[in-house]
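# Survey of secondary and tertiary structure
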Amino acid sequence: MNSKKLNIYVISLILIILDCAYAFISKTFFNGTSTFISLVCFLSFFLIYKDRKPLSKSGLLIYLFMSMGLLFAYRFDLKWSTIAVVRYLPLLTFFMMKRMDLERLCEKLIKSFYVLISLSLAIYFLNLIGVPVLNLGRTSWLQYTVINYGYLYVDSLTYLNKFTGFCVEPGYFGFLCICLLSLNEFDFKKKSTLVFALALLLSLSLEAYLLFIVGLLLYSASKGENIKKLFFYVFIAIFVLSLAGYFAMNYNGGNNIVNEKIFARLAFDESLGIVGNNRESVNAEAIIDSVFYTDRVWLGIGD
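Here the structure is a predicted model, which means the values were calculated and not measured.

Let's shift gears to helix H8 (residues 191–202). The end-to-end C-alpha separation of H8 is 17 Å, in line with the 16 Å expected for 12 residues at 1.5 Å each. For H8, every residue scored as buried is listed here: Ser192, Thr193, Val195, Phe196, Ala199, Leu200 and Leu202. Looking at the buried side of H8, the elements it contacts are helix H6 (99–128), helix H7 (170–183) and helix H9 (206–222). In the segment just after H8, Leu204 is the residue with positive phi, at about 50 degrees.

Right under this line is the structure:
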């Protein structure tokens, strides 16, 4: 694959990832821009990559599964369903790459996000110590209000004291960091891994913390790590979290950011399960109810 032509594919793929991660720059796209970028990414792959593998059945099934999720979310509306089908087309390209090319692509993605997240952290810490940084002013989009630093970093006024990087939601940003850590094989000897881990820690995202623990354990298990060693790490992690939770809940009567943003959200709630279960699950349950609790009997389609 020609490295210069590959950049078209990589840049469009990065823009798609940013869009999926609720990056603020993607919220300024005109209608249809995301779909156009997905098409550019998908078609450029076929134009520049001649030595590709046939699409596997597992790859096709994963694509259909992901697309069906959006089809349900959009309630099978023709316009949005078409967008949903196109949106995940670049996913198919991963299953048509040879391993060597896929590894090269992962390296490019890691390097690109290493630079982006490092710049975000730099602006964040400059703000933290009171050094003025030029910005594009306050901007609002739906329920989000941010101070925009050229799309490299957004200071979220919706999620105060949480590092959201260039995204509008700490949960989405945290999940992106976990994906990057997975691509880096949780190798903490690499500088990029340390940057992704620091960004994840500063996000104060309960969801991201839990997924990080699960992801690390699954990765270790997949590499054939000793089971006793894994359980030892789990025990240490639980002990450290319990100790941190004890101090957070008792320091200043629980009036501190660590307790308010993390441990207090783990408290049991009869309707939500846990207090932190307070955003996307509500929308998801409404969508599921609208599809299954209806007289339209076949996946919400037909009478």
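On we go from here.
The subject of this paragraph is the state of the cysteines. Formally, a disulfide is one covalent bond, and it connects the sulfur atom of one cysteine to the sulfur atom of another. Throughout the structure, instances matching the rule amount to zero disulfides. Free cysteine: Cys177, not disulfide-bonded; nearest cysteine sulfur from Cys167 at 8.1 Å. Residue Cys177 is classed as buried on the basis of its relative accessible area, which comes to 0%.

Below, the discussion takes up the nonpolar core. Judged by nonpolar contacts, the single largest core of 49 residues is most densely connected at Tyr9, Leu105, Phe113, Ile117, Phe163, Phe166 and Phe173. In terms of residue count, H6 provides more of this core than any other element does, eight residues in total. If you look at the next biggest cluster of nonpolar residues, it comprises six residues, including Phe24, Val146, Tyr159 and Val168.

A few words now on the sheet that holds strand E1 (residues 138–141). Reading across from one edge, E1-E2-E3 is the order of the three strands in this open sheet, with antiparallel pairing throughout. The open sheet is flanked by E1 and strand E3 (153–156), the only strands paired with a single partner. Averaged over all pairs of adjacent strands, the angle between strand axes in this sheet comes to 40 degrees, irrespective of strand direction. Taken together, the four bridges between E1 and strand E2 (residues 144–149) define a ladder with antiparallel strand orientation. Of the residues in E2, the one forming a bridge with Ser140 is Thr145. In the packing of H6 onto the sheet, contacts are made with E2 and E3, and the angle to E3 comes to roughly 45 degrees.

A surface patch of nonpolar side chains, amounting to about 620 Å² of accessible area, comprises Phe125, Leu126, Leu128, Ile129, Val131, Leu198 and Leu201. Going through the elements one at a time, H6 and H8 are the ones with two or more residues in the nonpolar patch. For the nonpolar patch, the leading source of residues is H6, giving three residues. Along the chain, Leu198 turns up in helix H8. Residue class for Leu198 comes out partly exposed when judged on its relative accessible area of 33%.

Here the focus is the pairing of E3. Sheet analysis places E2 next to E3, joined by four bridges and oriented antiparallel. Note on E3: the bridge partner recorded for Val146 is Ser156. Hairpin connection between E2 and E3: a loop of three residues separates the two successive antiparallel strands, and Gly150 in this loop has a positive phi of roughly 65 degrees.

Taken N-terminus to C-terminus, the directions of H7 and H8 make an angle of 155 degrees; their axes are 9 Å apart at the nearest point. Here H7 is positioned roughly antiparallel relative to H8, judged by the angle of their axes. When you trace H7 past H8, the crossing you get is left-handed. When H7 is examined against H8, the residues Phe173, Gly174, Cys177, Ile178, Leu180 and Leu181 are found in contact with a partner set consisting of Thr193, Phe196, Ala197, Ala199 and Leu200.

What follows concerns the environment of Phe95. As for its position among the elements, Phe95 is in the loop between helix H5 (89–94) and H6. By relative accessible area, which is 23% here, Phe95 ends up partly exposed. Sequence separation of Phe95 and Leu55 is 40 residues, and the distance between their C-alpha atoms is 6.0 Å. When residues no more than four places from it in sequence are discounted, the contact partners of Phe95 are Lys53, Pro54, Leu55, Ser56, Gly59 and Ile62.

Mapped onto the fold, Ser26 is located in the loop between helix H1 (3–20) and helix H2 (33–48). On the basis of relative accessibility, which here comes to 6%, the residue Ser26 falls in the buried class. Engagement of the side chain of Ser26 in a polar contact is seen with the backbone oxygen of Ala23, the distance being 2.7 Å. When near neighbours in sequence (up to four residues on either side) are disregarded, Ser26 contacts Leu18 and Asp19.

Across all of its chains, the model carries four salt bridges by this definition. The partner of Arg99 in a salt bridge is Glu103, with the nearest N and O atoms 3.2 Å apart. One end of the pair is Arg99 and the other is Glu103, both in helix H6 and four residues apart, which spans about a single turn. Residue Asp101 is joined to Arg104 by a salt bridge in which the shortest nitrogen-to-oxygen separation is 3.5 Å. Here Arg104 and Asp101 lie together in helix H6, a separation of three residues that amounts to about one turn. By relative accessible area, which is 15% here, Asp101 ends up buried.

Reading guide: rules and limits
- Residues numbered from 1 in each chain as written.
- Predicted model: local features only at pLDDT ≥ 70, side-chain atom pairs only at ≥ 80, totals over all residues.
- Heavy atoms only, no water.
- Helix = DSSP H or I, 4+ residues; strand = E, 2+ residues; numbered from the N terminus.
- Expected span 1.5 Å × (residues − 1).
- Buried < 20%, exposed > 50% of the residue type's maximum accessible area, 1.4 Å probe, protein only.
- Contact = heavy atoms within 4.5 Å.
- Disulfide = S-S within 2.5 Å.
- Core = buried A, V, L, I, M, F, W, Y, C linked by side-chain atoms within 4.5 Å.
- Pairing = 2+ DSSP bridges.
- Axes fitted to C-alpha atoms, helices over the stretch in contact; angles between N-to-C directions.
- Patch = residues over 30% accessible without salt bridge, like charges linked within 9 Å, V, L, I, M, F, W, Y side chains within 5 Å.
- Areas by Shrake-Rupley, 256 points an atom, 1.4 Å probe, with all protein chains shown as cover.
- Salt bridge = Lys/Arg side-chain N within 4 Å of Asp/Glu carboxyl O.
- Parallel < 35°, antiparallel > 145°, perpendicular 65-115°, else oblique.
- Left-handed = near helix turned anticlockwise from the far one by under 90°.
- Polar contact = N/O pair within 3.5 Å; in protein donor to acceptor, adjacent residues only side chain to side chain.

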